[in-house]
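# Inside the fold
Spelled out from the first residue to the last, the chains are:
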Amino acid sequence: MGIKVAKFGGTSLANAEQIKKVQNIIENDSNIKYVVPSAPGKRNKDDNKITDLLYLCHAHVKNEIPFDDVFKIIHDRYISIVRELGLNINIEKYLDEVKKNIENGASKDYTASRGEYLNGLIIAELLGFDFVDPADIIFFDKNGRVDMNKTISAVRSVMKKHEKAVIPGFYGTSNEDGSGEGKVKTFPRGGSDITGAIIARGVNAEIYENWTDVSGLLMADPKIVKDPKPIDTITYRELRELAYMGANVLHDEAIFPVREVGIPIKIKNTNKPEDPGTLIVQDAAPITHSGTITGVAGKKDFTVIMVEKALMNKELGYGRRLLSILEANGISFEHMPSGIDTISLVIADSELEGKLDKVIMEIKSECNPDTVEVYPNMALIATVGRGMAYTPGIAGRLFSALGNEGINVRMIDQGSSEINIIIGVEIEDFERAIRAIYKAFVK
Ligand code: ADP
Ligand code: ASP
Ligand code: MG
């Protein structure tokens, strides 16, 4: 067996008890050479993630409000972890340094990244592994994207010197101003998954294990559907669709580094290591038996702008004019289902913030439509499955299930890849719609 890279999420490292489970997993598998920890997450539903508390510290400093009370919560959590694990590391010294830097106006990204940094120091000490700071091996380019060539070659050459190492997740070094002078930059939230994938790629791992608090990717969000079935094998493409659409057990961007070289990902449960988990691979046999889907996921808070104009299909450049309005306003869109005389623009509310009225005015003046209608409070739901293209009647079954529940479908978009059907429903119907779809396909 080759090298394994194992990433552990926030709940897997939320306190000493959880960290001991992680230690046990690693010590029972000598192939795990590189470990990527997140910051301590929630110990229970009402708890705080360390990362959120760090963001809060930064906001306090920015608004010139004392942050000692918030920092004390962070401080005490790390201290009790170290004490309960019986470690010798002088974490107090590192905490003091972090606090001082935050006080002196450290950046938001630097501040947030310290959750992983401190946890990485502790885990490395516990396991007796080397500590490698990702700021020295993960580089972002001036567009804020990972400079993959530079990063992979740095990971490769640095890791050669470490037989076993802990590399904190979630951050690297940016070169955004082009000066070459590095500043800490974080990935998007949940981004330790991406770090793990990059390390796996750099060391040419045989497998990238992603340890979390569920026994793999489930066919639906367990917060919405009771006891959803686990998925044993899924393709990178299906996973990307589901993860992007809300099945955020794995960050949707985490597949890119490993997919290119075909390193499989395995999602496993830290609390139930004996469960088989989910394997993510390039190809899997299509599920052809009638009616089977791979999973369903969804996201809330979208607005649909429906533009209608008779003979739009004959008007050259209509779509381009419409989209250039979004571009000029710095808005990216999610989907654009179209008919002969209509185009719908599906846009995340966060993109539209404060811009909707202006966009509508510009559409009216520059595209001269017959009507423009705005549907706020929308949710999108993706039903995904590599077997869908081969199975007739999937769409029929989906829509009759929704119809029977009295759920109005406001938008339909079947991806050209034919591995997903995306629908738009009103937010208040979101959970009910997911349950109805799940029930229609899973017996
Ligand atoms: P970690 O802290 O380990 O990175 P996350 O909270 O990011 O864990 O992801 C795991 C969570 O993802 C689960 O606890 C579950 O609530 C949620 N989740 C949403 N959709 C799904 C799904 N389809 N399958 C599994 N988990 C899901
Ligand atoms: N700690 C970071 C977050 O809360 C990154 C991660 O957990 O993956 O978003
Ligand atoms: Mg996560």
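These lines cover the structure that appears in this document, whether it is placed above or below. (Residues numbered from 1 in each chain as written. Chains lettered and ligands numbered in written order. Predicted model: local features only at pLDDT ≥ 70, side-chain atom pairs only at ≥ 80, totals over all residues. Heavy atoms only, no water.)

### A closer look at the overall build of the protein
Heads up, the condition is: Helix numbering and strand numbering both begin at the N terminus, where a helix is a DSSP run of H or I of at least 4 residues and a strand a DSSP run of E of at least 2. Radius of gyration: C-alpha atoms only; globule rule: 2.2 Å multiplied by the number of residues to the exponent 0.38. Relative accessibility thresholds used throughout: buried, under 20% of the residue-type maximum; exposed, over 50%; partly exposed, between the two (1.4 Å probe, protein chains only). Only the protein chains shown count as cover for residues, and all accessible areas are computed by the Shrake-Rupley method using a 1.4 Å probe.
Per the secondary structure count, the protein includes 14 helices and 16 strands. A compact globule built from 443 residues should have a C-alpha radius of gyration of about 22 Å, and the protein, at 24 Å, falls within 12% of that. Evaluated residue by residue, the protein yields a buried proportion of 53% over its 443 residues. Accessible surface for the protein amounts to roughly 20,500 Å². Of this, 47% is attributable to carbon and sulfur atoms.

### Concerning the pattern of salt bridges
Pairing is possible between side chains that carry opposite charge, provided their charged atoms lie close to one another. Selection criterion: Should a side-chain nitrogen of Lys or Arg be within 4 Å of a carboxyl oxygen of Asp or Glu, the pair is scored as a salt bridge.
Within this structure, the stated rule accounts for 20 salt bridges. Lys72 is the salt-bridge partner of Asp76, the closest N and O atoms lying 2.7 Å from each other. Of this pair, Asp76 and Lys72 both sit in helix α3 (residues 68–85), four residues apart, which is roughly one turn of that helix. Among the residues examined, Asp76 registers a relative accessible area of 31% and is labelled partly exposed. Between Glu431 and Lys300 there is a salt bridge, and its shortest N-O distance comes to 3.1 Å. On the criterion of sequence distance, the pair formed by Glu431 in helix α14 (residues 430–441) and Lys300 in strand β12 (residues 295–308) is long-range, its members being 131 residues apart. One connected set of salt bridges, linked through shared partners, spans Lys4, Asp29 and Glu209.

### Points about the packing of aromatic side chains
Let me state the cut-off plainly: Note on aromatic contacts: the rings of Phe and Tyr and the six-membered ring of Trp form a pair at centre separations within 6.5 Å, being stacked when their planes are under 30 degrees apart, edge-to-face when over 60 apart, and tilted otherwise.
Considering all chains together, one arrives at five aromatic pairs under this definition. Aromatic pair Phe8 and Trp211: ring centres 5.9 Å apart, planes at 15°, arrangement stacked. Remark: Trp211 occurs in strand β8 (residues 207–212) and Phe8 occurs in strand β1 (residues 4–8); sequence separation between them is 203 residues. Judged by relative accessible area, Phe8 falls into the buried class, the value being 0%. Here Tyr94 and Tyr117 contribute two aromatic rings whose centre-to-centre distance is 6.4 Å and whose plane-to-plane angle is 75°, an arrangement assigned as edge-to-face. In this pair, Tyr94 sits in helix α4 (residues 91–103) while Tyr117 sits in helix α5 (residues 108–127), placing the two residues 23 residues apart along the sequence. For Tyr117, a relative accessible area of 12% translates into the label buried. An aromatic cluster is present here, built from Tyr94, Tyr117 and Phe131 joined pairwise through their rings.

### Section: the site of ligand 1
The condition that has to hold: It suffices for a single heavy atom of a residue to lie within 4 Å of a molecule or strand for the residue to be listed as near it. Here a polar contact is taken to be a pair of N or O atoms separated by no more than 3.5 Å, where protein atoms must pair a possible hydrogen donor with a possible acceptor and residues adjacent in sequence count only if both atoms sit in side chains. For this classification, Asp, Glu, Lys and Arg are treated as charged, while Ala, Val, Leu, Ile, Met, Phe, Trp, Tyr, Cys and Pro are nonpolar and the rest, including Gly, are polar.
Of all residues adjacent to ligand 1, which total 17 residues, the nearest are Gly10, Thr212, Asp213, Leu218 and Lys223. Taking Lys7, its side chain carries an N or O atom lying 3.2 Å from an oxygen atom of ligand 1. In the environment of ligand 1, an oxygen atom lies 3.1 Å from a nitrogen or oxygen atom belonging to the backbone of Gly10. Relative to its free-state accessible area of 570 Å², ligand 1 is covered by the protein chains to the extent of 85%. Here the residues of the shell around ligand 1 are counted per class, giving seven nonpolar, six polar and four charged.

### Quick look at the nonpolar core
What counts, and what does not: To qualify as a nonpolar core, a set must consist of buried Ala, Val, Leu, Ile, Met, Phe, Trp, Tyr and Cys residues joined through side-chain atoms within 4.5 Å. Working rule for contacts: check all heavy atoms of both residues, and any pair within 4.5 Å makes them a contact.
Counting residues in hydrophobic clusters, the biggest one holds 80 residues, and the most contacted among them are Val5, Ile137, Met159, Ile199 and Ile381. A total of eight residues in this core trace back to one element, the largest contributor, which is α14. Those residues in contact with Met159 that sit more than four places away from it in its chain are Tyr34, Val132, Ile137, Ala165, Ile167 and Val203. Counting residues in each nonpolar core, the second largest holds 45 residues, with Phe8, Phe67, Val70 and Leu126 among its members.

### What about the sheet that holds β1?
Going by this rule: For two strands to be treated as a pair, DSSP must find at least two bridges joining them.
Reading across the sheet, the eight strands line up as β3-β5-β2-β1-β8-β10-β11-β9 and stay open at both edges, with mixed pairing between neighbours. Of all strands in the sheet, those with a lone pairing partner are β3 (130–131) and β9 (233–235), marking the two edges. One ladder, built from two bridges, connects β3 with strand β5 (residues 165–166); its direction is parallel. Among the inter-strand pairings, Phe131 is bridged to a residue of β5, identified as Val166.

### Comments concerning the pairing of strand β14 (residues 371–384)
As paired elements, β12 and β14 share 11 bridges and run antiparallel to each other. What sits directly across from Val304, in β14, is Tyr375. As paired elements, β14 and strand β16 (residues 420–426) share seven bridges and run antiparallel to each other. Bridge pairing in β16 places Met378 opposite Glu426.

Nothing here speaks to function; it is all geometry.
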